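Close look at the chain arrangement
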Amino acid sequence: SSSSGDEALRDKRARILSRGLPKQKPIEGVKQVVVVASGKGGVGKSTTAVNIALALAANDSAKEVGLLDADIYGPSIPKMMNLKGNPELTPKNLMRPLKNYGIACMSMGFLIEETAPVVWRGLMVMSAVEKLLRQVDWGQLDYLVIDMPPGTGDVQLSVSQNIPIAGAVIVSTPQDVALLDAHKGAEMFRKVHVPVLGLVQNMSVFQCPKCKHKTHIFGADGVRDLAKTLGLDILGDVPLHINIRETCDSGQPVVISQPQSDAAKAYLKIAMEILRRLPVPPA
């Protein structure tokens, strides 16, 4: 009959489609993965990822936190986390993450010279991402924070389709140009069925250190408006402050070096909001 023929066709199509997508496989030893992403470069995504990882660890010292730098072309985690050197290999030929401030870190930056450009085509980049995901001995982690490259390309799709992700955090400045790309980033995660935990409004306001006057250099509340449009939450606002930039440049992120500062408190609040929205991890 035609109905059974239609059903067989549907089954065949479903089989072909399922073959086309990689099967999601958890990273061994990692309970939950949180990705930090932005549609656009230069909005402070890596700085946010580093301070979120440190803030997650600060919220509960019993939790183990890792940080994976998936930005193959522009790895910045080694400098921000004050780490240098090549990872050691385990007897199983897995790379051991480098560790600082209690955070286990892995980055392409540990595998190449600091000033060497990565001049690779897509397939080589995908191979490198696969190695960073699968050939690292993380031990036992409660949370792995992944600093994604900017945009909505191959790396984002590959990471989203290869491993189960507990949630994505989208970072944007309130500037219209950045918001356009942040909107695309959020929609991309929805398309690949990754829950978006919320948005971070970065560089939200600048306060003059002398007269205390506040200036919205990149515009006011643009990320809040985008959050309403997308039906998402704002996880927190991070001010535009010289301390945030200086501490990351010197490899002493603000959450660790100035824990009582307003900037550190902003990241700690964001980490708490992330934890509230994550699903209960498997025992």
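Counting restarts for each chain, with residues numbered from 1 along the sequence as it is written. With pLDDT at 70 or above as the cut-off, local features in this predicted model cover only qualifying residues; side-chain atom pairs require 80 or more to be listed or tallied, and sums for whole chains, interfaces and linings still use all residues. Hydrogens and waters are ignored; side-chain quantities use all the structure's heavy atoms.

What counts, and what does not: UniProt positions are given in the numbering used here, feature names are shortened, and annotations may be inferred rather than shown by experiment.
In the annotation of an unreviewed UniProt entry, the protein is listed under the name Iron-sulfur cluster transfer protein NUBPL and assigned to Irena cyanogastra. Here the protein is described in UniProt, under the heading Sequence similarities (unreviewed entry), as follows: "Belongs to the Mrp/NBP35 ATP-binding proteins family." UniProt lists a comment for the protein under the heading Function (unreviewed entry), and it reads "Iron-sulfur cluster transfer protein involved in the assembly of the mitochondrial membrane respiratory chain NADH dehydrogenase (Complex I). May deliver one or more Fe-S clusters to complex I subunits."

Let's talk about the overall build of the protein
Formally: Counting from the N terminus, the helices are DSSP H or I runs at least four residues long and the strands are E runs at least two residues long. For the exposure calls, accessible area comes from a 1.4 Å probe over protein chains only, and a residue counts as buried if that area is under 20% of its type's maximum, exposed if over 50%, partly exposed in between. We call two residues contacting when some pair of their heavy atoms lies within 4.5 Å. Methods summary: accessible areas were calculated by the Shrake-Rupley approach with a probe of 1.4 Å, and residue burial reflects only the protein chains presented.
Counting its regular elements, the protein contains 10 helices and 10 strands. Counting over 283 residues, the protein shows a buried share of 47%. Counted over contacts in the protein with a minimum sequence separation of 6, partners at least 24 positions apart contribute 77%. Accessible surface computed for the protein: about 14500 Å², of which carbon and sulfur atoms make up 54%.

Some points on the pattern of salt bridges
The line we're drawing: Whenever a carboxyl oxygen of Asp or Glu lies within 4 Å of a side-chain nitrogen of Lys or Arg, that contact is scored as a salt bridge.
Scanning the model with the defined rule gives seven salt bridges in all. Between Asp 142 and Lys 31 there is a salt bridge, with the nearest N and O atoms lying 3.6 Å from each other. With Asp 142 in strand β5 (residues 141-147) and Lys 31 in strand β1 (residues 30-37), this pair connects stretches of sequence that are 111 residues apart. The exposure class assigned to Asp 142 is buried, which follows from its relative accessible area of 14%.

Regarding the sheet that holds strand β4 (residues 103-107)
Just so we agree on the cut-off: A pair of strands is treated as paired once DSSP finds two or more bridges between them. Note on definitions: angles span 0 to 180 degrees between N-to-C directions of axes, and those axes are lines fitted to C-alpha atoms, for helices only across the stretch in contact.
Reading across the sheet, the eight strands line up as β3-β4-β2-β5-β1-β6-β7-β10 and stay open at both edges, with mixed pairing between neighbours. Only two strands of the sheet have a single neighbouring strand rather than two, namely β3 (98-100) and β10 (234-238). The average angle at which neighbouring strand axes cross in this sheet is 25 degrees, direction not considered. Summarising the sheet, β1 and strand β6 (residues 167-172) pair through four bridges and their orientation is parallel. Each bridged residue has a counterpart across the sheet, and for Val 36 the counterpart in β6 is Val 169. Against the sheet, helix α2 (residues 45-59) engages β1, β2 (65-69), β4, β5, β6 and β7 (196-202), with an angle of about 170 degrees to β5.

With respect to helix α10 (residues 262-277)
Let me state the cut-off plainly: One less than the residue count of a helix, multiplied by 1.5 Å, gives the span that helix is expected to have.
Here α10 contains 16 residues, and its C-alpha end-to-end distance of 23 Å stays within 8% of the 22 Å for a straight helix at 1.5 Å per residue. For α10, the complete set of buried residues consists of Ala 263, Ala 264, Ala 266, Tyr 267, Ile 270, Ala 271, Glu 273 and Ile 274.

Details of the pairing of β2
Burial of β2 is extensive: five of the five residues sit out of reach of the surface. Neither face of β2 is left uncovered, since the one carrying Val 65, Leu 67 and Asp 69 and the one carrying Gly 66 and Leu 68 both have all their residues buried. Note that β2 and β5 share five bridges and pair parallel. From the neighbouring strand, Asp 69 faces β5, where its bridge partner is Asp 147.

Details of the nonpolar core
Soluble, globular proteins show a tendency: their nonpolar side chains are buried together. The condition is simple: By nonpolar core is meant a set of buried Ala, Val, Leu, Ile, Met, Phe, Trp, Tyr and Cys residues that side-chain atoms within 4.5 Å join together.
By size, the foremost hydrophobic cluster in this structure holds 82 residues, and its most contacted members are Trp 138, Ile 146 and Phe 189. If one sorts the elements of this core by residue count, α2 sits on top with eight residues. Ignoring sequence-local partners within four residues, the contact set of Ile 146 consists of Val 33, Val 34, Val 35, Val 36, Leu 68, Ala 70, Leu 133, Val 159 and Ile 163.

Here we look at the packing of α2 against α10
The line we're drawing: Angle categories: roughly parallel below 35 degrees, roughly antiparallel above 145, roughly perpendicular from 65 to 115, and oblique for all the rest. The residue classification treats Ala, Val, Leu, Ile, Met, Phe, Trp, Tyr, Cys and Pro as nonpolar and Asp, Glu, Lys and Arg as charged. All others, Gly included, are polar.
Direction vectors running N to C along α2 and α10 enclose 70 degrees, while the axes themselves pass 8 Å from each other. In terms of orientation, α2 and α10 fall into the roughly perpendicular class. Facing α2, whose interface residues are Thr 47, Thr 48, Asn 51, Ile 52, Ala 55, Leu 56, Ala 58 and Asn 59, α10 presents Tyr 267, Leu 268, Ile 270, Ala 271, Met 272, Ile 274 and Leu 275. Grouping the constituent residues of the contact of α2 with α10 by class yields 11 nonpolar, four polar and no charged.

Some thoughts on the environment of Ser 158
Within the fold, Ser 158 resides in helix α5 (residues 154-162). For Ser 158, a relative accessible area of 13% translates into the label buried.

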